[in-house]
Amino acid sequence: MVPLKVFQNRMFSGANLLTLLLYGALNVGLFILVLNLVQVQGYSQLQAGLATLPLRCY
């Protein structure tokens, strides 16, 4: 899909790495939030899923 030669550009590779780290951090944060809602706050799995639904629609 994308020629591998494009990744020789440092700006392109840096932007892709930054995007990967950003979305990784967002997903880990959302995972920890759901775990907190279920284990600490006492929500059911359905309630925790519904509570985080607006965050997933970005």
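Heads up: the structure comes first, above all this text.
By convention here, each chain's residues receive numbers from 1 onward along its written sequence. The predicted nature of this model means local features are confined to residues of pLDDT at least 70 and side-chain atom pairs, given and counted, to a pLDDT of 80 or more, with totals for whole chains, interfaces and linings taken over all residues. As a rule here, side-chain values come from all non-hydrogen atoms in the structure, and water together with hydrogens is ignored.

**Q** Please set out the overall build of the protein residue by residue, giving values where relevant.
**A** When helices and strands are counted, the protein shows three helices and zero strands. In this text, helices come from DSSP runs of H or I with a minimum length of four residues, and strands from runs of E with a minimum of two, each type numbered from the N-terminal end. Start at the N end of the protein and walk to the C end: the helices and strands fall as α-α-α. For the protein, the C-alpha radius of gyration of 17 Å lies well beyond 10 Å, the compact-globule estimate for 58 residues. Across its three principal directions, the C-alpha atoms of the protein cover 50 × 20 × 15 Å. Residue burial in the protein is summarised as follows: out of 58 residues, 7% are buried. Only carbon and sulfur atoms are counted for the fraction: they give 69% of the accessible area of the protein, which is about 5,200 Å². Throughout, the radius of gyration refers to the C-alpha atoms, and the reference size of a globule is 2.2 Å times the residue count to the power 0.38. Per-residue accessibility, obtained with a 1.4 Å probe over protein chains only, is compared with the maximum for each type, and a residue is labelled buried under 20%, exposed over 50%, and partly exposed between these values. Under the convention used here, a 1.4 Å probe and the Shrake-Rupley method define accessible areas, while residue burial counts only the protein chains that appear.

**Q** Tell me about the packing of aromatic side chains, residues and numbers included.
**A** Aromatic pairs are defined between Phe, Tyr and Trp rings, using the six-membered ring for Trp, whenever the two ring centres lie within 6.5 Å; interplanar angles under 30 degrees are classed as stacked, those over 60 as edge-to-face, and all others as tilted. Scanning all chains against the criterion turns up one aromatic pair. Consider the rings of phenylalanine 7 and phenylalanine 12, whose centres lie 5.2 Å apart with planes at 65°: the pair is edge-to-face. Assessed through its relative accessible area of 39%, phenylalanine 7 is described here as partly exposed.

**Q** Quick one: what's the story with the side chain of threonine 52, residue by residue and with numbers?
**A** Residue position: threonine 52 is located in the loop between helix 2 (45-51) and helix 3 (53-56). If we ignore the near neighbours within four places in the chain, the residues touching threonine 52 are Leu30, Leu33, Val34 and Leu37. Should any heavy atoms of two residues lie within 4.5 Å, those residues are counted as being in contact.

**Q** So what about the environment of asparagine 36? Which residues, and what values?
**A** Topologically, asparagine 36 is positioned in helix 1 (residues 10-40). Of the residues examined, asparagine 36 reaches a relative accessible area of 33% and is grouped as partly exposed. Between the C-alpha atoms of asparagine 36 and asparagine 9, which are 27 residues apart in sequence, the distance is 41 Å.

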